[in-house]
Amino acid sequence: MTVLMRPKPLDGFKVREFKMLIDGKWTAGAEGKILERSSPGHGTVVSRYEAATSVDAERAIASARKAFDDGHWPRMTGVERSRILLRAADIIDERADELAFLDCIESGKPISQAKGELGGAADIWRYAAALARDLHGETYNTLGDGTLGVVLREAIGVVSIITPWNFPFLIVSQKLPFALAAGCTAVVKPSELTSGSTLVLGEILEAAGVPAGVVNIIVGTGPEAGAPLTSHPDIDMVSFTGSTGIGRLTMANAAQTLKKVSLELGGKNPQIVFPDANLDDFIDAAVFGAYFNAGECCNAGSRLIVHRDIVDEVTSRVAALSAKVKVGDPLDPSTQVGAIITPQHLAKIVTYVKSASDNGADVAIGGSAADLGLGQFMEPTILSSVAPDMAVAREEVFGPVLSVLAFETTDDAIRIANSIDYGLSAGVWSRDFDTCLTVGRRVRAGTVWMNTFMDGASELPFGGYRQSGIGRELGRHAVEDYTETKTLNMHIGPRTGHWMPKEART
Ligand code: NAD
């Protein structure tokens, strides 16, 4: 049985009230709509936001457009923008506890994990600040005496940034600092479930010296506040992280005006383990991969693809370790798995598990919602004897549910891994160099971990193959993603190669 940490009631909690940031002013929504957010771990209202409709979205877009077309930000030097991004990183560090608390209380993630994410986010702001000074184009001095070619990188313009609820501050930090480093202006719409830390980021950017109108932040539902950001003609690029379904819709909306899109979408990520792997290390990584962020993670290692010879041993050892995972109060520093984002989402997770067991999978551990008195929680769950064609093996469950599948040969393992629509990330475990590289090269995923899982660094690009997305975030090209390329083709000296004959020209 899992270790359960009962949440303590949030007695006397002061609900935090938030406004939107448009054109440098903290403002109410035009139609007076208010959204409330309850802590998923406590069931108590913790945040209240002014909610945007299309009217507010229009104002935010107009503000970002003006700041781009007429403002100072795109015309600043890289050094100036870099200094401001570095100041922002310092203030993120100073306010990290407050931001982590908001992410914890609104998303249900454990407080210790939320603090770790804030450290990672500040590092990304610093990395983007360094890249702001290095953004450059190319020159061609090889085109002959009469020609010099210069390839410029210019900020793409106004970017809309739409983010999900599972890593509220981290994901906006994978986008916004790079857009700002390039000289873009932005309208940001966080998930309506977890907007608090992104709104505090607005205060941080003001304090760091980002001019009014450069970053506008609106809160609201997807159809009301998000959709205009994907279709408005004054938006030049949409950077979206969320579900594959809404990603598809975003791309279709953006296609009407041929906007550039960057999409970070869902995943159903395999960890492939061979009999020669270091099983002690693997078992820990399997438990971490499945239950980190309660499995509400695009990178969750939700499919174990295990060699037939060790499948029983692996299943029982992962189950034994899963029983020691601490589930419950997100505010308890020792909690490892927090609350599930909404009661509706919890019901969906339970339905996936039931359907798998109705179709022949065995529940090795867990399988049910955990009643902790307050909030909504799910027991860490392992399903064994899962067939590759079951929904639980192909679709994103987005909960602490691990499916175990068996394979016979390396080809078999790669085929199972590649047999679904997603291709975000994967893990391979073996002490054999050839095995790791063979699997690493043939699995169709944007990141392949070898003898580790879910590690990351600001320097390493991240994104998906196939229906896991389009484009890459992070890494040294992350700023370029927010630019257009412009060719300056320059002629030196008298015109050569005239089109009209000499007689006609004299
Ligand atoms: P979601 O797609 O429901 O919502 C994401 C964002 O889109 C939210 O801000 C939402 O309000 C907005 N939105 C909804 N409908 C919209 C519309 N019609 N037009 C414009 N915006 C709209 O996703 P979610 O439930 O918040 O997040 C979970 C999903 O995000 C999972 O599928 C997960 O895999 C994915 N995700 C991917 C990555 C990655 O980097 N690949 C990272 C984190 C999460």
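Residues numbered from 1 in each chain as written. Predicted model: local features only at pLDDT ≥ 70, side-chain atom pairs only at ≥ 80, totals over all residues. Heavy atoms only, no water.

### Describing the domain arrangement of the protein chain
Next, step 1: Under the domain assignment used here, the protein chain contains domain 1 (10-265) and domain 2 (270-450).
Next, step 2: Its C-alpha centre places domain 1 at a distance of 31 Å from the equivalent point of domain 2.
Next, step 3: In this complex, domain 1 contributes 25 residues to the contact, which on the side of domain 2 involves 25 residues.
Next, step 4: Between domain 1 and domain 2, the buried area comes to about 1,800 Å², and carbon and sulfur atoms account for 63% of it. (Domains from an automatic or database assignment. Contact = heavy atoms within 4.5 Å. Buried area = accessible area lost by both parts, 1.4 Å probe.)

### Points about the layout of surface pockets
Next, step 1: Its boundaries defined by the atoms lining it, the largest pocket holds a volume of some 870 Å³.
Next, step 2: For the largest pocket, the lining is made up of 35 residues, of which W165, F240, G242, S243 and I246 are closest to its centre.
Next, step 3: At five residues, helix 8 (residues 222-231) tops the list of elements feeding residues into the lining of the largest pocket.
Next, step 4: Along the lines of polarity and charge, the residues of the lining of the largest pocket split into 15 nonpolar, 15 polar and five charged.
Next, step 5: Here the lining of the largest pocket spans two domains, and each of domain 1 (10-265) and domain 2 (270-450) adds at least three residues to it.
Next, step 6: In this model, the second largest pocket occupies a volume close to 730 Å³.
Next, step 7: Residue lining of the second largest pocket: 30 residues in total, with L170, Q174, M454, D455 and G456 positioned closest to the centre.
Next, step 8: For the lining of the second largest pocket, the elements supplying multiple residues, two or more each, are helix 4 (111-134), helix 5 (168-173) and strand 24 (447-450).
Next, step 9: Per element, the largest residue contribution to the lining of the second largest pocket is six residues, and it comes from helix 4.
Next, step 10: Grouping the amino acids of the lining of the second largest pocket by side-chain chemistry returns 16 nonpolar, nine polar and five charged.
Next, step 11: Inspection of the lining of the second largest pocket shows a minimum of three residues originating in each of domain 1 (10-265) and domain 2 (270-450). (1 Å grid on protein atoms, 1.4 Å probe; cavity = no way out; pocket = protein on both sides within 12 Å on 5 of 7 lines; lining within 4 Å. Points joined across faces, edges and corners; volume = space filled by probe spheres on them. Helix = DSSP H or I, 4+ residues; strand = E, 2+ residues; numbered from the N terminus. Nonpolar A, V, L, I, M, F, W, Y, C, P; charged D, E, K, R; others polar.)

### Considerations on the site of the ligand
Next, step 1: Around the ligand, the surrounding shell holds 27 residues, and the nearest of these are T163, E192, S243, L265 and E396.
Next, step 2: With respect to the ligand, the backbone of A227 contributes an N or O atom lying 3.5 Å from a nitrogen atom.
Next, step 3: For the ligand, the protein covers 90% of the area, taking 850 Å² as the surface of the free molecule.
Next, step 4: Applying the majority rule of atoms within 2 Å of the grid points places the ligand in the largest pocket.
Next, step 5: Contributing elements (two or more residues each) for the shell around the ligand: helix 8, strand 12 (237-241) and helix 9 (244-255).
Next, step 6: It is helix 8 that contributes the most residues to the shell around the ligand, three residues altogether.
Next, step 7: In terms of residue class, the shell around the ligand is built from 14 nonpolar, nine polar and four charged. (Near = heavy atom within 4 Å. Polar contact = N/O pair within 3.5 Å; in protein donor to acceptor, adjacent residues only side chain to side chain. Areas by Shrake-Rupley, 256 points an atom, 1.4 Å probe, with all protein chains shown as cover. Sits in = over half its atoms within 2 Å of the grid points.)

### Notes on the environment of P223
Next, step 1: With respect to the helices and strands, the residue P223 is situated in helix 8.
Next, step 2: Judged by its relative accessible area of 70%, P223 is exposed.
Next, step 3: For the pair P223 and S54, spaced 169 residues apart in sequence, the C-alpha to C-alpha distance is 9.1 Å. (Buried < 20%, exposed > 50% of the residue type's maximum accessible area, 1.4 Å probe, protein only.)

### A few points about the sheet that holds strand 2 (residues 16-18)
Backbone-to-backbone hydrogen bonds join strands into a sheet, with any given pair of strands oriented parallel or antiparallel.
Next, step 1: Spatial ordering of the open sheet is given by 2-6-5, a layout of three strands whose pairing is mixed. Every other strand in the sheet has two partners, leaving strand 2 and strand 5 (34-38) as the edge strands with one partner each. Across the sheet, the axes of successive neighbouring strands diverge by a mean angle of 20°, strand direction being ignored.
Next, step 2: Pairing geometry for strand 2 and strand 6 (residues 45-50), over three bridges, is parallel. Counted as the bridge partner of F18 is Y49 from strand 6.
Next, step 3: The strands that helix 7 (residues 196-208) touches are strand 2 and strand 6; relative to strand 2, the one it contacts most, it runs at about 65°. (Pairing = 2+ DSSP bridges. Axes fitted to C-alpha atoms, helices over the stretch in contact; angles between N-to-C directions.)

### Details of empty space enclosed by the protein
Next, step 1: Applying the stated criterion to the full structure yields three cavities of 30 Å³ or more.
Next, step 2: The wall of the largest cavity is formed by G267, K268, N269, G295, C297, A300, S302, E396, V397, F398, G399 and V401.
Next, step 3: Tallied by class, residues from the lining of the largest cavity come to five nonpolar, five polar and two charged.
Next, step 4: What the second largest cavity holds in volume is close to 60 Å³.
Next, step 5: If you trace the second largest cavity, you find 15 residues lining it, with P270, R303, A417, Y422 and G423 closest to the centre.
Next, step 6: Residues that form the lining of the second largest cavity fall into these classes: seven nonpolar, four polar and four charged.

### What about the nonpolar core?
Next, step 1: Counting residues in each nonpolar core, the largest one holds 152 residues, and the members touching the most others are W125, L176, F178 and I218.
Next, step 2: Considering every element that reaches this core, the biggest residue donor is helix 4, with 12 residues.
Next, step 3: Looking at which domains feed residues into this core, each of domain 1 (10-265) and domain 2 (270-450) supplies at least three.
Next, step 4: If we skip the residues at most four places from it in the chain, I218 touches M20, I22, A52, D56, A57, A60, V187, V188, K189, P190, A225 and L229. (Core = buried A, V, L, I, M, F, W, Y, C linked by side-chain atoms within 4.5 Å.)

### Remarks on the UniProt feature "active site" (unreviewed entry) in the protein chain
Next, step 1: Cross-referencing UniProt, the feature "active site" (unreviewed entry) maps to E264 in the present numbering.
Next, step 2: Residue classification places E264 among the buried positions, given a relative accessible area of 4%.
Next, step 3: With residues up to four places along the chain from it excluded, the contact list for E264 reads K175, F240, T241, G242, F462, G463, G464, S468, G471, R472 and E473. (UniProt positions renumbered as here; feature names shortened; annotations may be inferred.)

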